[in-house]
Amino acid sequence: MRIILLGAPGAGKGTQAQFLMNTFGIPQISTGDMLRSAIKSGSELGKKAKQVMDAGQLVSDEIIIELVKERIAEPDCQNGFLLDGFPRTIPQADAMREHGIEVDHVLEFDVPDDVIVKRMSGRRVHPGSGRVYHVEHNPPQQEGKDDETGEELVIRPDDQEQTVRKRLAVYHEQTEPLVEYYQKLAQETDTEYHKIDGTKPVEQVSQELGSLLKQ
């Protein structure tokens, strides 16, 4: 059950990652978490990564791949793992294969840009408590006000339309080529590629994933 999640920011990967972790008992591997814990542990790789980050540079694919290899060798990954946010580019995907990191399922969450923009730019947050509302799907009782305190709700910078569209453009340019890459890989190897309609309700998507992966 070695899974890669693909899809634009806001396509619902995070929600379904939780579902898959709980259902199949596999850990989610996030490169950010791995970097933080490697640096904290003071390992050789951690020291290398820290030097690069302290210099304000991006950590190389080579270091990230080594971290992924170390992480998936840990006991909690025996039944599989879930990669979200990695690989992001074709060179990273190639490097994974060169290092013998095999994948069983690639799940692409397909959601049109306009739906994602609507989803994210409709979010409203109460800064004090972290309560999240949505102007369409989960509106507050009084527009722009928190239900419990009556305080003003805000739009997080990450949820502003301009920011969302920028992140989508980066996704289409850098990560979307992986869709074709993994579709091709699925034709040539045992890796299975599944395209999921991410516009469906959360429960329906979870159900679909559950039955796909239990086959």
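This structure is a prediction, so every number in the text was calculated from the model and none was measured.

### Description of the overall build of the protein chain
(1) Moving on: Counting its regular elements, the protein chain contains nine helices and seven strands.
(2) Moving on: Computed over its C-alpha atoms, the radius of gyration of the protein chain comes to 19 Å, within 12% of the 17 Å expected for a compact globule of 215 residues.
(3) Moving on: Considered along the principal axes of its C-alpha atoms, the protein chain spans approximately 55 × 45 × 35 Å.
(4) Moving on: Looking at the protein chain residue by residue over its 215 residues, the buried ones come to 40%.
(5) Moving on: A separation threshold of at least 6 residues defines the contact pool for the protein chain, and within that pool the share at least 24 residues apart is 69%.
(6) Moving on: With the model as given, the accessible surface of the protein chain reaches about 12200 Å², and the carbon-plus-sulfur share is 47%.
(7) Moving on: When the 25 basic and 37 acidic side-chain charges of the protein chain are each reduced to a single mean position, those positions are 3 Å apart.

### Describing the pattern of salt bridges
(1) Moving on: Tallied over the full model, the rule gives 16 salt bridges.
(2) Moving on: Across the pair E44 and K47 runs a salt bridge whose closest N-O atoms are separated by 3.7 Å. Taken together, the residues E44 and K47, both in helix α3 (residues 44–54) and three residues apart, mark about one turn of the helix.
(3) Moving on: A relative accessible area of 59% means that E44 is categorised as exposed.
(4) Moving on: Judged by its relative accessible area of 47%, K47 is partly exposed.
(5) Moving on: Note that E161 is salt-bridged to R165, the shortest N-O span being 3.0 Å. Taken together, the residues E161 and R165, both in helix α7 (residues 161–175) and four residues apart, mark about one turn of the helix.

### Some details on the UniProt feature "binding site: AMP" (unreviewed entry) in the protein chain
(1) Moving on: Taking the numbering used here, the UniProt-annotated feature "binding site: AMP" (unreviewed entry) corresponds to T31, R36, Q57, L58, V59, G85, F86, P87, R88, Q92, R156 and R167. In summary, the annotated positions, distributed over 137 residues, remain apart in three dimensions as well, the widest C-alpha pair reaching 30.6 Å.
(2) Moving on: The residue R36 is located in helix α2 (residues 31–41) in this model.
(3) Moving on: The exposure class assigned to R36 is exposed, which follows from its relative accessible area of 55%.
(4) Moving on: A polar contact of 2.7 Å, which involves the side chain of R36, links it to the side chain of D33.
(5) Moving on: Within the secondary structure layout, R156 lies in the loop between β6 (132–134) and α7.

### Some details on helix α9 (residues 202–214)
(1) Moving on: If you check α9, its first and last C-alpha atoms are 18 Å apart, about what 13 residues at 1.5 Å a residue would give, namely 18 Å.
(2) Moving on: Of all the positions in α9, only V205, S206, L209, G210, L212 and L213 are classed as buried. Taken end-on, α9 shows its buried residues confined to a sector of 165°, consistent with a single buried face. Summarising the geometry of α9, the exposed residues directed more than 90 degrees from the buried face are E203, Q207 and K214.
(3) Moving on: On the buried face of α9, the contacting elements are β1 (2–7), α1 (13–24), β4 (105–110) and β7 (192–197).

### Some thoughts on the packing of aromatic side chains
(1) Moving on: Considering all chains together, one arrives at one aromatic pair under this definition.
(2) Moving on: The interplanar angle of 80° and the centroid separation of 5.0 Å between the aromatic rings of Y181 and Y182 together place this pair among those described as edge-to-face.
(3) Moving on: A relative accessible area of 2% means that Y182 is categorised as buried.

Cut-off values and rules
- Residues numbered from 1 in each chain as written.
- Predicted model: local features only at pLDDT ≥ 70, side-chain atom pairs only at ≥ 80, totals over all residues.
- Heavy atoms only, no water.
- Helix = DSSP H or I, 4+ residues; strand = E, 2+ residues; numbered from the N terminus.
- Rg over C-alpha atoms; globule rule 2.2 N^0.38 Å.
- Buried < 20%, exposed > 50% of the residue type's maximum accessible area, 1.4 Å probe, protein only.
- Contact = heavy atoms within 4.5 Å.
- Areas by Shrake-Rupley, 256 points an atom, 1.4 Å probe, with all protein chains shown as cover.
- Lys, Arg positive; Asp, Glu negative; His and termini not counted.
- Charge placed at Lys NZ, Arg CZ, Asp CG, Glu CD.
- Salt bridge = Lys/Arg side-chain N within 4 Å of Asp/Glu carboxyl O.
- UniProt positions renumbered as here; feature names shortened; annotations may be inferred.
- Polar contact = N/O pair within 3.5 Å; in protein donor to acceptor, adjacent residues only side chain to side chain.
- Expected span 1.5 Å × (residues − 1).
- Arc of directions from axis to C-beta.
- Phe/Tyr/Trp six-rings, centres within 6.5 Å; stacked < 30°, edge-to-face > 60°.

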